[in-house]
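Residue-level structure breakdown
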Amino acid sequence: MKADFPNDDDLREAGLDENDPVWRLLAESPRPEPDAWFAVRTLARCRYAMAGAESHGISFGRIWRWTLGGGLGLCLAVLLVTQQIPATSPTDLKQQKVQAAFEVMANLDSPETDSTSSSTSTWQDSSD
Amino acid sequence: MKDEIRYDDERGAANVSDAHDKALMTRIAAGDESALRDLIEKHEGAVYGTIAKMLGDPVEAQDLAQQVFVRVYRAAGSYRATAQFKTWMFTIVRNLVFNEHRRRSRATLISLHPPENEGQGGSSGYDLPDLATKTPGEGALQKEMMEAINRAILSLPEQQRLAIVLRRYDEFSYEEIASILKTSVPATKSLLFRARETLREALKDYLEIPSGKGPH
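Residues numbered from 1 in each chain as written. Chains lettered and ligands numbered in written order. Predicted model: local features only at pLDDT ≥ 70, side-chain atom pairs only at ≥ 80, totals over all residues. Heavy atoms only, no water.

Focus: the overall build of chain B
Scanning chain B from N- to C-terminus turns up 9 helices and 0 strands. Shown N-terminal to C-terminal, the secondary structure of chain B runs as helices and strands in the order α-α-α-α-α-α-α-α-α. In chain B, which comprises 216 residues, the share counted as buried stands at 46%. Approximately 10600 Å² of chain B is accessible, and the part contributed by carbon and sulfur atoms is 52%. (Helix = DSSP H or I, 4+ residues; strand = E, 2+ residues; numbered from the N terminus. Buried < 20%, exposed > 50% of the residue type's maximum accessible area, 1.4 Å probe, protein only. Areas by Shrake-Rupley, 256 points an atom, 1.4 Å probe, with all protein chains shown as cover.)

Right, dumping it as C-alpha coordinates:
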(Lines give C-alpha, C1' and ligand atoms only; values in the text may rest on other atoms or scores of the structure.)
Protein backbone atom coordinates (compact mmCIF):
# COMPACT_ATOMS: atom_id res chain seq x y z
CA MET A 1 0.00 0.00 0.00
CA LYS A 2 2.89 2.27 0.81
CA ALA A 3 5.04 0.90 -2.00
CA ASP A 4 4.84 3.91 -4.33
CA PHE A 5 5.07 6.55 -1.67
CA PRO A 6 8.53 7.97 -1.04
CA ASN A 7 9.42 6.99 2.49
CA ASP A 8 11.37 9.10 4.95
CA ASP A 9 14.67 7.68 3.75
CA ASP A 10 13.81 8.62 0.20
CA LEU A 11 12.89 12.10 1.28
CA ARG A 12 16.13 12.48 3.22
CA GLU A 13 18.04 11.06 0.29
CA ALA A 14 16.57 13.56 -2.08
CA GLY A 15 16.81 16.28 0.51
CA LEU A 16 13.19 17.23 -0.02
CA ASP A 17 11.97 16.83 3.49
CA GLU A 18 9.54 19.63 4.12
CA ASN A 19 11.60 20.52 7.16
CA ASP A 20 14.43 21.42 4.84
CA PRO A 21 14.93 25.23 5.03
CA VAL A 22 15.53 25.41 1.26
CA TRP A 23 12.19 23.74 0.68
CA ARG A 24 10.42 26.18 2.97
CA LEU A 25 12.25 29.14 1.45
CA LEU A 26 11.02 28.23 -2.03
CA ALA A 27 7.49 28.64 -0.75
CA GLU A 28 8.29 32.33 -0.23
CA SER A 29 8.26 32.71 -4.00
CA PRO A 30 4.94 31.17 -5.01
CA ARG A 31 4.11 29.96 -8.48
CA PRO A 32 2.74 32.79 -10.64
CA GLU A 33 -0.93 32.54 -11.60
CA PRO A 34 -2.38 33.31 -15.05
CA ASP A 35 -4.67 36.28 -15.44
CA ALA A 36 -8.46 35.94 -15.42
CA TRP A 37 -8.74 35.94 -19.22
CA PHE A 38 -6.18 33.28 -19.87
CA ALA A 39 -8.75 30.51 -20.45
CA VAL A 40 -10.81 32.68 -22.81
CA ARG A 41 -7.78 33.67 -24.87
CA THR A 42 -6.53 30.09 -24.95
CA LEU A 43 -9.92 28.82 -26.14
CA ALA A 44 -9.92 31.42 -28.90
CA ARG A 45 -6.41 30.39 -29.89
CA CYS A 46 -7.42 26.73 -29.98
CA ARG A 47 -10.36 27.56 -32.25
CA TYR A 48 -8.13 29.64 -34.49
CA ALA A 49 -5.45 26.94 -34.61
CA MET A 50 -7.97 24.27 -35.54
CA ALA A 51 -9.61 26.46 -38.19
CA GLY A 52 -6.17 27.21 -39.61
CA ALA A 53 -5.25 23.55 -39.54
CA GLU A 54 -8.45 22.60 -41.35
CA SER A 55 -8.06 25.21 -44.08
CA HIS A 56 -4.38 24.34 -44.32
CA GLY A 57 -5.36 20.70 -44.60
CA ILE A 58 -7.76 21.45 -47.47
CA SER A 59 -5.26 23.53 -49.37
CA PHE A 60 -2.61 20.91 -48.75
CA GLY A 61 -4.99 18.26 -50.05
CA ARG A 62 -5.67 20.36 -53.11
CA ILE A 63 -2.00 20.94 -53.70
CA TRP A 64 -1.36 17.24 -53.29
CA ARG A 65 -4.09 16.30 -55.75
CA TRP A 66 -2.87 18.86 -58.29
CA THR A 67 0.70 17.72 -57.88
CA LEU A 68 -0.26 14.08 -58.29
CA GLY A 69 -2.46 14.76 -61.31
CA GLY A 70 0.09 17.08 -62.88
CA GLY A 71 2.88 14.61 -62.31
CA LEU A 72 0.96 11.77 -63.88
CA GLY A 73 0.05 13.96 -66.85
CA LEU A 74 3.65 15.01 -67.31
CA CYS A 75 4.84 11.40 -67.18
CA LEU A 76 2.25 10.45 -69.77
CA ALA A 77 3.27 13.32 -72.04
CA VAL A 78 6.94 12.42 -71.74
CA LEU A 79 6.11 8.80 -72.52
CA LEU A 80 4.13 9.75 -75.63
CA VAL A 81 6.81 12.10 -76.91
CA THR A 82 9.57 9.55 -76.43
CA GLN A 83 7.50 6.95 -78.27
CA GLN A 84 7.16 9.23 -81.28
CA ILE A 85 10.79 10.22 -81.59
CA PRO A 86 12.58 7.84 -84.04
CA ALA A 87 14.96 5.53 -82.33
CA THR A 88 17.73 6.30 -84.83
CA SER A 89 20.32 8.80 -83.93
CA PRO A 90 22.29 10.88 -86.47
CA THR A 91 25.16 8.41 -86.12
CA ASP A 92 22.79 5.58 -87.02
CA LEU A 93 21.62 7.50 -90.09
CA LYS A 94 25.16 8.00 -91.26
CA GLN A 95 25.90 4.32 -90.83
CA GLN A 96 22.75 3.45 -92.76
CA LYS A 97 23.84 5.68 -95.65
CA VAL A 98 27.29 4.08 -95.72
CA GLN A 99 25.70 0.65 -95.61
CA ALA A 100 23.40 1.55 -98.50
CA ALA A 101 26.34 2.82 -100.50
CA PHE A 102 28.23 -0.42 -99.92
CA GLU A 103 25.22 -2.42 -101.02
CA VAL A 104 24.98 -0.43 -104.26
CA MET A 105 28.68 -1.02 -104.92
CA ALA A 106 28.31 -4.73 -104.16
CA ASN A 107 25.44 -4.99 -106.62
CA LEU A 108 27.57 -3.40 -109.30
CA ASP A 109 30.21 -6.13 -108.87
CA SER A 110 27.70 -8.95 -109.00
CA PRO A 111 27.88 -11.12 -112.19
CA GLU A 112 24.24 -12.06 -111.94
CA THR A 113 22.95 -8.78 -113.09
CA ASP A 114 19.51 -8.23 -114.24
CA SER A 115 19.08 -9.20 -117.93
CA THR A 116 17.16 -6.09 -118.64
CA SER A 117 19.89 -3.92 -117.38
CA SER A 118 22.88 -5.95 -118.60
CA SER A 119 23.14 -3.97 -121.76
CA THR A 120 23.55 -0.84 -119.84
CA SER A 121 26.04 -2.16 -117.37
CA THR A 122 28.91 0.12 -116.96
CA TRP A 123 31.23 -2.85 -116.66
CA GLN A 124 30.20 -4.38 -120.00
CA ASP A 125 32.83 -4.12 -122.64
CA SER A 126 31.24 -2.24 -125.49
CA SER A 127 34.00 -3.17 -127.96
CA ASP A 128 32.56 -6.70 -128.51
CA MET B 1 -0.28 5.36 9.79
CA LYS B 2 -1.33 8.95 9.42
CA ASP B 3 0.93 9.26 6.37
CA GLU B 4 -0.60 6.13 4.86
CA ILE B 5 -4.12 7.49 5.26
CA ARG B 6 -3.09 10.84 3.83
CA TYR B 7 -1.35 9.16 0.91
CA ASP B 8 -4.37 6.95 0.22
CA ASP B 9 -6.58 10.03 0.17
CA GLU B 10 -4.17 11.83 -2.14
CA ARG B 11 -3.85 8.86 -4.46
CA GLY B 12 -7.60 8.38 -4.55
CA ALA B 13 -8.10 12.05 -5.36
CA ALA B 14 -5.41 11.85 -8.05
CA ASN B 15 -7.12 8.84 -9.64
CA VAL B 16 -10.48 10.60 -9.67
CA SER B 17 -8.87 13.68 -11.14
CA ASP B 18 -7.12 11.62 -13.82
CA ALA B 19 -10.34 9.82 -14.73
CA HIS B 20 -12.03 13.22 -15.01
CA ASP B 21 -9.25 14.50 -17.28
CA LYS B 22 -9.56 11.47 -19.52
CA ALA B 23 -13.31 11.87 -19.70
CA LEU B 24 -12.79 15.50 -20.67
CA MET B 25 -10.37 14.43 -23.42
CA THR B 26 -12.96 12.01 -24.78
CA ARG B 27 -15.51 14.81 -24.88
CA ILE B 28 -13.01 17.17 -26.52
CA ALA B 29 -12.31 14.54 -29.17
CA ALA B 30 -16.06 14.45 -29.83
CA GLY B 31 -16.02 18.21 -30.40
CA ASP B 32 -17.30 19.38 -27.02
CA GLU B 33 -15.82 22.84 -26.55
CA SER B 34 -17.09 23.21 -22.98
CA ALA B 35 -14.92 20.22 -22.05
CA LEU B 36 -11.91 22.03 -23.45
CA ARG B 37 -12.78 25.07 -21.37
CA ASP B 38 -13.06 22.89 -18.26
CA LEU B 39 -9.72 21.28 -18.98
CA ILE B 40 -8.00 24.63 -19.50
CA GLU B 41 -9.50 26.09 -16.33
CA LYS B 42 -8.48 23.04 -14.36
CA HIS B 43 -4.83 23.00 -15.44
CA GLU B 44 -4.04 26.59 -16.42
CA GLY B 45 -2.50 27.40 -13.04
CA ALA B 46 -0.14 24.43 -13.06
CA VAL B 47 0.83 24.76 -16.73
CA TYR B 48 1.28 28.53 -16.75
CA GLY B 49 2.93 28.58 -13.32
CA THR B 50 5.44 25.87 -14.21
CA ILE B 51 6.36 27.51 -17.50
CA ALA B 52 6.67 30.93 -15.84
CA LYS B 53 8.97 29.48 -13.18
CA MET B 54 11.01 27.77 -15.88
CA LEU B 55 11.39 30.79 -18.16
CA GLY B 56 11.16 33.71 -15.74
CA ASP B 57 9.19 35.57 -18.38
CA PRO B 58 5.43 35.90 -17.83
CA VAL B 59 4.66 37.02 -21.40
CA GLU B 60 6.55 34.16 -22.99
CA ALA B 61 5.07 31.81 -20.40
CA GLN B 62 1.56 32.80 -21.44
CA ASP B 63 2.31 32.12 -25.09
CA LEU B 64 3.86 28.74 -24.34
CA ALA B 65 1.07 27.75 -21.95
CA GLN B 66 -1.46 28.49 -24.71
CA GLN B 67 0.59 26.39 -27.12
CA VAL B 68 0.41 23.49 -24.64
CA PHE B 69 -3.40 23.59 -24.66
CA VAL B 70 -3.50 23.96 -28.45
CA ARG B 71 -1.40 20.80 -28.71
CA VAL B 72 -3.60 19.00 -26.22
CA TYR B 73 -6.66 20.05 -28.23
CA ARG B 74 -5.12 18.91 -31.51
CA ALA B 75 -4.07 15.59 -30.02
CA ALA B 76 -7.45 14.88 -28.42
CA GLY B 77 -8.57 12.77 -31.37
CA SER B 78 -5.53 10.52 -31.24
CA TYR B 79 -5.08 10.60 -27.44
CA ARG B 80 -4.88 7.15 -25.87
CA ALA B 81 -5.23 7.02 -22.11
CA THR B 82 -2.24 4.78 -21.53
CA ALA B 83 -0.56 7.06 -18.99
CA GLN B 84 -1.76 9.66 -16.53
CA PHE B 85 -3.17 12.64 -18.40
CA LYS B 86 -1.27 15.17 -16.30
CA THR B 87 2.04 13.39 -16.92
CA TRP B 88 1.32 13.32 -20.65
CA MET B 89 0.41 17.02 -20.67
CA PHE B 90 3.54 17.98 -18.73
CA THR B 91 5.63 16.07 -21.24
CA ILE B 92 4.31 18.59 -23.78
CA VAL B 93 5.24 21.37 -21.34
CA ARG B 94 8.73 19.93 -21.02
CA ASN B 95 9.22 19.71 -24.79
CA LEU B 96 8.05 23.26 -25.39
CA VAL B 97 10.08 24.72 -22.53
CA PHE B 98 13.28 22.92 -23.53
CA ASN B 99 12.78 23.95 -27.17
CA GLU B 100 12.34 27.53 -26.02
CA HIS B 101 15.58 27.26 -24.03
CA ARG B 102 17.41 26.03 -27.09
CA ARG B 103 15.91 28.84 -29.19
CA ARG B 104 17.02 31.38 -26.58
CA SER B 105 20.49 29.87 -26.44
CA ARG B 106 20.84 30.30 -30.19
CA ALA B 107 19.46 33.84 -29.98
CA THR B 108 21.94 34.65 -27.20
CA LEU B 109 24.80 33.45 -29.38
CA ILE B 110 23.69 35.81 -32.13
CA SER B 111 22.70 38.76 -29.94
CA LEU B 112 25.29 40.68 -28.00
CA HIS B 113 22.73 41.35 -25.27
CA PRO B 114 21.78 38.64 -22.77
CA PRO B 115 18.08 37.82 -22.63
CA GLU B 116 16.15 39.94 -20.22
CA ASN B 117 15.08 38.38 -16.91
CA GLU B 118 17.49 35.48 -17.26
CA GLY B 119 20.60 34.91 -15.26
CA GLN B 120 21.99 37.20 -12.63
CA GLY B 121 21.08 40.76 -11.94
CA GLY B 122 17.74 41.27 -13.68
CA SER B 123 14.29 41.35 -12.22
CA SER B 124 12.52 38.02 -12.38
CA GLY B 125 9.58 39.50 -14.27
CA TYR B 126 6.98 37.79 -12.11
CA ASP B 127 3.91 39.46 -10.76
CA LEU B 128 4.73 39.93 -7.15
CA PRO B 129 2.10 39.20 -4.52
CA ASP B 130 0.33 42.01 -2.80
CA LEU B 131 2.79 43.50 -0.39
CA ALA B 132 0.45 46.25 0.81
CA THR B 133 -0.04 44.57 4.16
CA LYS B 134 3.67 44.83 4.92
CA THR B 135 5.65 47.88 5.91
CA PRO B 136 7.70 49.42 3.09
CA GLY B 137 10.87 47.91 4.52
CA GLU B 138 9.40 44.44 4.85
CA GLY B 139 7.83 44.68 1.40
CA ALA B 140 11.15 45.62 -0.18
CA LEU B 141 12.92 42.78 1.62
CA GLN B 142 10.24 40.32 0.61
CA LYS B 143 10.50 41.44 -3.00
CA GLU B 144 14.28 41.18 -2.89
CA MET B 145 14.10 37.67 -1.47
CA MET B 146 11.57 36.55 -4.08
CA GLU B 147 13.78 37.86 -6.84
CA ALA B 148 16.78 36.09 -5.33
CA ILE B 149 14.83 32.83 -5.20
CA ASN B 150 13.66 33.21 -8.78
CA ARG B 151 17.17 34.04 -9.95
CA ALA B 152 18.51 31.00 -8.11
CA ILE B 153 15.89 28.76 -9.76
CA LEU B 154 16.64 30.24 -13.18
CA SER B 155 20.35 29.62 -12.71
CA LEU B 156 19.76 25.85 -12.40
CA PRO B 157 20.31 23.58 -15.42
CA GLU B 158 16.99 23.00 -17.20
CA GLN B 159 16.50 19.38 -16.07
CA GLN B 160 17.17 20.24 -12.43
CA ARG B 161 14.99 23.31 -12.70
CA LEU B 162 12.03 21.42 -14.10
CA ALA B 163 12.48 18.65 -11.53
CA ILE B 164 12.47 21.09 -8.63
CA VAL B 165 9.52 23.10 -9.98
CA LEU B 166 7.44 19.98 -10.60
CA ARG B 167 8.26 18.58 -7.19
CA ARG B 168 7.99 21.75 -5.11
CA TYR B 169 5.17 23.65 -6.79
CA ASP B 170 3.16 20.93 -8.55
CA GLU B 171 3.76 18.15 -6.01
CA PHE B 172 4.48 15.49 -8.62
CA SER B 173 5.80 12.13 -7.40
CA TYR B 174 9.31 10.97 -8.29
CA GLU B 175 7.83 8.44 -10.72
CA GLU B 176 5.82 11.13 -12.49
CA ILE B 177 8.81 13.48 -12.70
CA ALA B 178 10.96 10.64 -14.02
CA SER B 179 8.34 9.92 -16.67
CA ILE B 180 8.13 13.57 -17.71
CA LEU B 181 11.90 13.99 -17.84
CA LYS B 182 12.29 10.60 -19.56
CA THR B 183 14.73 9.41 -16.93
CA SER B 184 14.83 6.94 -14.04
CA VAL B 185 13.60 7.51 -10.48
CA PRO B 186 17.13 7.39 -8.99
CA ALA B 187 18.30 9.90 -11.61
CA THR B 188 15.35 12.12 -10.71
CA LYS B 189 16.28 11.96 -7.03
CA SER B 190 19.84 12.83 -7.96
CA LEU B 191 18.65 15.82 -10.02
CA LEU B 192 16.56 17.04 -7.11
CA PHE B 193 19.40 16.58 -4.64
CA ARG B 194 21.83 18.56 -6.79
CA ALA B 195 19.24 21.26 -7.43
CA ARG B 196 18.59 21.62 -3.71
CA GLU B 197 22.32 21.85 -2.95
CA THR B 198 22.79 24.54 -5.60
CA LEU B 199 19.83 26.48 -4.24
CA ARG B 200 21.14 26.11 -0.70
CA GLU B 201 24.43 27.68 -1.75
CA ALA B 202 22.80 30.44 -3.80
CA LEU B 203 20.30 31.33 -1.07
CA LYS B 204 22.50 30.82 1.98
CA ASP B 205 22.13 34.47 2.99
CA TYR B 206 18.38 34.02 3.26
CA LEU B 207 18.60 30.64 4.99
CA GLU B 208 20.50 31.98 7.96
CA ILE B 209 17.77 34.42 8.92
CA PRO B 210 14.10 34.07 9.78
CA SER B 211 11.86 33.96 6.71
CA GLY B 212 11.04 37.32 5.13
CA LYS B 213 13.60 39.35 7.08
CA GLY B 214 16.26 39.87 4.38
CA PRO B 215 19.84 38.66 4.17
CA HIS B 216 21.64 41.16 6.43
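Next comes the rest of the write-up.
Details of the pattern of salt bridges
Applying the stated criterion to the full structure yields 15 salt bridges over all chains. Note that B:Glu197 is salt-bridged to B:Arg196, the shortest N-O span being 2.3 Å. Across the pair B:Glu197 and B:Arg200 runs a salt bridge, and its minimum N-O distance is 3.7 Å. Of this pair, B:Glu197 and B:Arg200 both sit in helix α8 (residues 185–202), 3 residues apart, which is roughly one turn of that helix. Residue classification places B:Arg200 among the partly exposed positions, given a relative accessible area of 26%. Through salt bridges that share partners, A:Asp20, B:Arg196, B:Glu197 and B:Arg200 make up one connected network. (Salt bridge = Lys/Arg side-chain N within 4 Å of Asp/Glu carboxyl O.)

Let's talk about the packing of aromatic side chains
Evaluated as defined, the whole model comprises 6 aromatic pairs over all chains. On the basis of an interplanar angle of 55° and a centroid distance of 6.1 Å, the ring pair of A:Phe38 and B:Tyr48 is categorised as tilted. Of this pair, A:Phe38 sits in helix α3 (residues 38–84) while B:Tyr48 sits in helix α2 (residues 33–55), on two different chains. Using a relative accessible area of 0% as the deciding quantity, one classes A:Phe38 as buried. Members of the aromatic cluster, joined through ring pairs, are A:Phe38, B:Tyr48 and B:Phe69. Sitting over the face of the ring of B:Phe172, B:Lys86 holds its NZ or CZ atom 4.9 Å from the ring centroid. Of note, B:Lys189 hangs over the ring of B:Tyr174, and the distance from its end group to the ring centre comes to 5.3 Å. (Phe/Tyr/Trp six-rings, centres within 6.5 Å; stacked < 30°, edge-to-face > 60°. Lys NZ or Arg CZ within 6 Å of the ring centre and 35° of its normal.)

So, helix α3 (residues 58–75) of chain B
One full turn of an α-helix is made of 3.6 residues, so residues set three or four places apart face in the same direction. Residues and elements named next belong to chain B. Given a rise of 1.5 Å per residue, 18 residues ought to cover 26 Å, and the 26 Å separating the end C-alpha atoms of α3 matches this to within 8%. In terms of residue burial, α3 counts as a mostly covered element, since 13 of its 18 residues are buried. Here α3 starts with a cap whose side-chain oxygen sits 3.1 Å from the backbone nitrogen of Val-59, and that cap is Asp-57. (Expected span 1.5 Å × (residues − 1). Polar contact = N/O pair within 3.5 Å; in protein donor to acceptor, adjacent residues only side chain to side chain.)

Here we look at the packing of helix α6 (residues 158–168) of chain B against α8(B)
Residue and element names in this part refer to chain B. Viewed as axis vectors pointing N to C, α6 and α8 meet at an angle of 95°, and their least axial separation amounts to 9 Å. As judged from the angle between their axes, α6 and α8 are roughly perpendicular. Two secondary-structure elements touch here, α6 through Gln-159, Gln-160, Ala-163, Ile-164 and Arg-167 and α8 through Leu-191, Leu-192, Arg-194, Ala-195, Arg-196, Thr-198 and Leu-199. Among the residues forming the contact of α6 with α8, the class breakdown is 6 nonpolar, 3 polar and 3 charged. (Axes fitted to C-alpha atoms, helices over the stretch in contact; angles between N-to-C directions. Parallel < 35°, antiparallel > 145°, perpendicular 65-115°, else oblique. Contact = heavy atoms within 4.5 Å. Nonpolar A, V, L, I, M, F, W, Y, C, P; charged D, E, K, R; others polar.)

Points about the packing of α2(B) against α6(B)
Residue and element names in this part refer to chain B. Close contact between α2 and α6 brings their axes to 10 Å; oriented N to C, the two are set at 145°. Regarding α2 and α6, the two cross each other, and that crossing is right-handed. Contacts between α2 and α6 involve Thr-50, Lys-53 and Met-54 on the former and, on the latter, Glu-158, Arg-161, Leu-162, Val-165 and Leu-166. (Left-handed = near helix turned anticlockwise from the far one by under 90°.)

As for unusual backbone geometry
Residue and element names in this part refer to chain B. Here Glu-171, not a glycine, exhibits a phi torsion of approximately 55°, which is positive. Looking at the element boundaries, Glu-171 is found in the loop between α6 and α7 (174–181). In the Ramachandran plot, Lys-182 falls in the positive-phi region, its phi being about 55° despite a non-glycine side chain. Within the secondary structure, Lys-182 is located in the loop between α7 and α8. The class for Lys-182 is exposed, based on a relative accessible area of 57%.

Things to note about the nonpolar core
Formed by 64 residues in total, the largest nonpolar core has its most connected members in B:Val47, B:Ile51, B:Val68, B:Phe90, B:Ile164 and B:Leu199. For this core, the element with the highest residue contribution is α2(B), accounting for 11 residues. (Core = buried A, V, L, I, M, F, W, Y, C linked by side-chain atoms within 4.5 Å.)

What about α8(B)?
Residue and element names in this part refer to chain B. Compared with an ideal rise of 1.5 Å per residue, which puts 18 residues at 26 Å, α8 spans 26 Å between its outermost C-alpha atoms and is within 8% of the ideal. Of all the positions in α8, only Thr-188, Lys-189, Leu-191, Leu-192, Ala-195, Arg-196 and Leu-199 are classed as buried. Buried residues of α8 fall within an arc of 155° about the axis and therefore sit on the same side. The backbone nitrogen of Ala-187 has a side-chain oxygen 3.2 Å away, supplied by the residue at the start of α8, namely Ser-184. (Arc of directions from axis to C-beta.)

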